[in-house]
Amino acid sequence: MVATEHAHDQAGRLENIPQHPLHQIDTPFEKATFGMGCFWGCDSLFGATKGVLRTRVGYAGGSTESPAYKKMGDHTEVIEIDYDPQTISYNDLLDLFWNNHEYGLTTRMKRQYMSLILYHNEQQRQIAEASRAEEQVKRAPEQIITEIAPAGPFYPAENYHQKYRLQGHTDLAKGIGLTPDLLHTSHVAARLNGYLIGVSGLKQFEDEADLLGLSKDQVQYVREYVIQNEGGGIFC
C-alpha cells in the first residue's frame, strides 16, 4: 500500500503558498478510452505518462443509462485519456495498455473489470485490432479476450474515484487548489496522481517539476514519494 502520511513536517507548508499550478493546458489533443481492471491504477499510470494531458475515470461500453459505482449495469470501469499525438502515439498508449492490466487480459472477469478498448475513429480501430493481433502472437498459447468496440457515451465516475492517489495527500491537494471540477480536468493533478506512486520515475518528474507550477516545498514533498515508490506496483 502506498503511504499517504509521510513527511508530516512538510504538511503545513503545502497549503496557501503563492503559486500557479498548471491546471489548464490548451495543447491540441485526441482521446483514448481503455478498460483494464480497477481504474485507480491506470489513472495513475497514464496520468504521469509523457504526452498525456488529462485523465478521468468513469463507466462506458454498456447500455445502462446514468450508471453509478454501485449500479453500474453492463458498463465497464474505464479511463478516458486526452493525449498529445505529437508527443505520444496511440500505439504507445496501447503498449501501456497491454502491459499493465491488473487482471482480465487472458482471464475472463465480470464486465466491470473486463479488458476493453473503445475506439474514437476508424484509424484507432485499425490500430487497436492490429495491436491485439500482434499481442496475441506474443502471448500464445494464452488467449487474449480484450474486446474492441466503438466509444459511446462516457459517464464520469464519482469524484472520490478521480485522482484517487492524489486525494490521499490532502494537504498537497488543498495546496494546488484542487476542486471537484479540477479532479476531472487538471493537468497537474493527473501528473501528481501518478508521480506520487512512482510512475515514470524521478528523472521525468525533475525534468518537468518547474513547469507544473508547484512551490519548492511541494516539489520536495512529491520528490520524496517518487523516490520511495519508483518501481513499485500501480494496482488497486
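These figures come from a predicted structure and were not determined experimentally.

**Looking at the UniProt feature "domain: Peptide methionine sulphoxide reductase MsrA" (unreviewed entry) in the protein**
UniProt records the feature "domain: Peptide methionine sulphoxide reductase MsrA" (unreviewed entry) at residues 31-168, using the numbering of this structure. With 30% helix and 25% strand, residues 31-168 has its two end C-alpha atoms placed 27 Å apart.

**Points about empty space enclosed by the protein**
Applying the stated criterion across every chain yields a total of one cavity of 30 Å³ or more. Within this model, the largest cavity holds a volume of roughly 40 Å³. Along the walls of the largest cavity sit Met36, Cys38, Gly41, Cys42, Leu45, Asn100, Glu102, Ile234 and Phe235, which together make up its complete lining. Take the lining of the largest cavity: its biggest share by element is three residues, from helix α2 (residues 39-47). Among the residues forming the lining of the largest cavity, the class breakdown is six nonpolar, two polar and one charged.

**Considering the UniProt feature "domain: Selenoprotein methionine sulfoxide reductase A helical" (unreviewed entry) in the protein**
Under the feature "domain: Selenoprotein methionine sulfoxide reductase A helical" (unreviewed entry), the UniProt entry names residues 177-225. Helix and strand shares over residues 177-225 are 63% and 0% respectively, and the end C-alpha atoms of the span are 20 Å apart.

**As for unusual backbone geometry**
Note the cis peptide between Ala140 and Pro141, where omega equals 15°. Summarising the element assignment, Pro141 is placed in the loop between α4 (122-139) and β5 (147-150). Its identity is not glycine, yet Ser66 carries a phi of approximately 50°, on the positive side. With respect to the secondary-structure elements, Ser66 resides in the loop between β2 (52-60) and β3 (76-83). When its relative accessible area of 62% is taken as the criterion, Ser66 is described as exposed. Positive phi values are uncommon outside glycine, yet Ser200 reaches one of about 75°.

So, how was this worked out
- Residues numbered from 1 in each chain as written.
- Predicted model: local features only at pLDDT ≥ 70, side-chain atom pairs only at ≥ 80, totals over all residues.
- Heavy atoms only, no water.
- UniProt positions renumbered as here; feature names shortened; annotations may be inferred.
- Helix = DSSP H or I, 4+ residues; strand = E, 2+ residues; numbered from the N terminus.
- 1 Å grid on protein atoms, 1.4 Å probe; cavity = no way out; pocket = protein on both sides within 12 Å on 5 of 7 lines; lining within 4 Å.
- Points joined across faces, edges and corners; volume = space filled by probe spheres on them.
- Nonpolar A, V, L, I, M, F, W, Y, C, P; charged D, E, K, R; others polar.
- Buried < 20%, exposed > 50% of the residue type's maximum accessible area, 1.4 Å probe, protein only.

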